[in-house]
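Residue-level structure breakdown
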Amino acid sequence: MQYQSFREYAQGAAKIGIGLGVIAILARWVTGITIFASPEALVKYGIFGGIGYALMGAIALMAFGWLGKKVRREYGDGLTIGDFFQNKLHGVGYWMMIVILLITSIEGLFTQGMAAGVLVNILLGVPISIGMLCFFLLCVIYVGFGGMALIQRLAFVQVILMFAAAILIPLYFFIAKGVENVYQGIRLYHPYLLVLNNHEGLFFMCTGLLIGFGQIFVDQATWQRLYMIEGKKIVPTFLLSGLIWATVPLAFSSLIMVVIFTGSFNNIYSLLFDLIRKIDTIFLLVLFVLCSFGAVTSAFGAGLHSMISLIAGNVYPLLKPDANEKQKMRMGYMLAIAIGVLSFALTYFYTPTLLDLLFFFGIIYAALIVPLLFIVFSKGKVDNFIPLCALIGLVAGYSSRYTLGNLEAVWVSMMVSSLLVIVYWCGKLMKKHLGNH
């Protein structure tokens, strides 16, 4: 696809309204992680795990609308989160945030690649490594060379398939099996899922909310969509997106309940095999396959495109100031191939569960929440100490992870970075007060 400028490649041709904005956001956030990790959360933490996973993304998306309104009011001409940081941070602080953002971007591609490989293995019996290779090749061609225009066209189809699967498949199963039979089976074989006094589940829910805020607040693809939406429609678009998104993890969690109500299981992936076997109509099976592949491809595509846009639009011009539009585009295509190869290599050699991966990188997301809010709501340039607070916070989180565990390390990361920002802010207020006297 031919583009006249890098801006058109990164953002598309025109601003979009509420309808297309909601579709673009849902296509970004209904991911392979949603399909795999929400059932895993239900199985591991009970009913609070399923509800918590739904809430963590929904509330964060709704909150981002208000944050995004402030961003657009202050700096409305950007394309990426990098443009905003370039406007608000000094050199060292800017590069610290860019490095952290690139790490989180690779994590996002990594998790989607894992989900795609597992999905191909479950559905087609293809070895996970070969499935991942095919998936990465497809996404590099589709996104690296297609750009935002092609992503927008396919997002509409992906969202329709996703909601059709999320509504029709659970409805079919609950009518066929009977809601009462499913409930009684869960009580018999897995009563721990229905325990309301579940402190571990509540802790997961609270930690999930924390991770959700950090993940969405610094997501490059979400910031790109923020700049694509008409200014007056930002808040309602994100509010509506959050409300709709919450239904998707709940729908996939309910599917797992239909699978496990008849007995025990080995692991979350064996449950997905059982789910495929239980879908006994061709139409619903095809719908599930298309929905799953659409979610993984769309999320990976959005992450890859946003990472290309960040590097080609915010990093490359600083290293080569005289770069023209054609050189930026060429750099974007080369990056698509390089990032695809890197994502495949990481996914091939390292295969944790998706929920473990979410908590591992959740330490970074938690450390970024308060520093990012400080950057957004501060007037003028922000001191380099604020990005450093995020860096110190995530180091503290990873250091404590070996003694406390993943969930606790997320809170350590957030509290350390927040405390440092608060101390800095109080010191600044005190200095200003003494200066006035």
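Residues numbered from 1 in each chain as written. Predicted model: local features only at pLDDT ≥ 70, side-chain atom pairs only at ≥ 80, totals over all residues. Heavy atoms only, no water.

Of the regular secondary structure elements, the protein chain holds 19 helices and zero strands. Burial analysis of the protein chain (437 residues in total) assigns 57% to the buried set. Residue pairs at least 24 apart in sequence account for 85% of intrachain contacts in the protein chain once pairs closer than 6 positions are excluded. Carbon and sulfur atoms provide 70% of the accessible area of the protein chain, an area that totals close to 18,200 Å². (Helix = DSSP H or I, 4+ residues; strand = E, 2+ residues; numbered from the N terminus. Buried < 20%, exposed > 50% of the residue type's maximum accessible area, 1.4 Å probe, protein only. Contact = heavy atoms within 4.5 Å. Areas by Shrake-Rupley, 256 points an atom, 1.4 Å probe, with all protein chains shown as cover.)

Under the definition given, this model contains 10 aromatic pairs. Taking 5.8 Å as the distance between ring centres and 75° as the angle between the ring planes, the aromatic pair formed by F374 and Y424 counts as edge-to-face. Of this pair, F374 sits in helix α17 (residues 354-377) while Y424 sits in helix α19 (residues 406-436), and the two are 50 residues apart along the sequence. We note that F374, like Y424, is buried. The ring of W29 carries the charged tip of R28 above its face, separated from the ring centre by 4.3 Å. In this structure, R401 packs its charged tip against the face of Y402, placed 5.6 Å from the ring centre. (Phe/Tyr/Trp six-rings, centres within 6.5 Å; stacked < 30°, edge-to-face > 60°. Lys NZ or Arg CZ within 6 Å of the ring centre and 35° of its normal.)

The interhelical angle for the contact between helix α11 (residues 220-228) and helix α15 (residues 282-319), taken along N-to-C directions, is 80°, at an axis separation of 8 Å. Our classification of the angle between α11 and α15 gives roughly perpendicular. Contacts between α11 and α15 involve Q220, A221, Q224 and R225 from the first element and A302, H305, S306, M307, S309 and L310 from the second. Along the lines of polarity and charge, the residues of the contact of α11 with α15 split into four nonpolar, five polar and one charged. (Axes fitted to C-alpha atoms, helices over the stretch in contact; angles between N-to-C directions. Parallel < 35°, antiparallel > 145°, perpendicular 65-115°, else oblique. Nonpolar A, V, L, I, M, F, W, Y, C, P; charged D, E, K, R; others polar.)

This paragraph deals with helix α6 (residues 91-124). With 34 residues, α6 should reach 50 Å at 1.5 Å per residue; the first-to-last C-alpha distance of 49 Å fits that figure. For α6, the tally of buried residues reaches 24 of 34 residues, placing the bulk of the element in the interior. Looking one or two residues past α6, G125 carries a phi angle of roughly 75°, positive in sign. (Expected span 1.5 Å × (residues − 1).)

The residue S418 is located in helix α19 in this model. Owing to a relative accessible area of 8%, S418 belongs among the buried residues under this scheme. At a separation of 2.6 Å, a polar atom in the side chain of S418 contacts the main-chain carbonyl oxygen of M414. (Polar contact = N/O pair within 3.5 Å; in protein donor to acceptor, adjacent residues only side chain to side chain.)

This part takes up a nonpolar patch on the surface. On the surface, I167, L168, L171, I175 and F283 cluster together into a nonpolar patch covering about 530 Å² of accessible area. Relative to the elements of secondary structure, L168 occurs in helix α8 (residues 147-177). Note on L168: relative accessible area 36%, which makes it partly exposed. (Patch = residues over 30% accessible without salt bridge, like charges linked within 9 Å, V, L, I, M, F, W, Y side chains within 5 Å. Salt bridge = Lys/Arg side-chain N within 4 Å of Asp/Glu carboxyl O.)

Before going further, it helps to examine the nonpolar core. Ranked by size, the top nonpolar core spans 113 residues in total, and within it F85 and W223 carry the most contacts. Per element, the largest residue contribution to this core is 15 residues, and it comes from α17. Non-local contacts of W223, meaning those with residues more than four positions away in its chain, are made with F64, V71, I81, F84, F217, V218 and L372. (Core = buried A, V, L, I, M, F, W, Y, C linked by side-chain atoms within 4.5 Å.)

Moving on, we come to the environment of A246. Counting through the fold element by element, A246 comes out in the loop between α12 (234-245) and α13 (247-260). Sequence-wise, A246 and I51 are 195 residues apart; in three dimensions their C-alpha atoms are separated by 8.7 Å. Contact partners of A246, with chain neighbours within four places excluded, come to A54 and A58.

Right, let's talk about the packing of α6 against α15 for a bit. Where α6 contacts α15, the two axes come as close as 10 Å, and the packing angle between them is 155°. Comparing the axis directions of α6 and α15 gives the class roughly antiparallel. The handedness of the crossing between α6 and α15 is left-handed. Here the residues of the contact of α6 with α15 are counted per class, giving 23 nonpolar, six polar and no charged. (Left-handed = near helix turned anticlockwise from the far one by under 90°.)

With respect to burial, α11 is a largely interior element, nine of its nine residues being buried. Within α11, burial applies to Q220, A221, T222, W223, Q224, R225, L226, Y227 and M228.

Let us look at the environment of I337. One can find I337 in helix α16 (residues 325-349). Classification of I337 by relative accessible area gives partly exposed; the value is 47%.

Under the criterion given, the structure shown has four salt bridges. With its nearest N and O atoms 3.4 Å apart, the salt bridge here joins E230 to K233. For E230, a relative accessible area of 32% gives the class partly exposed.

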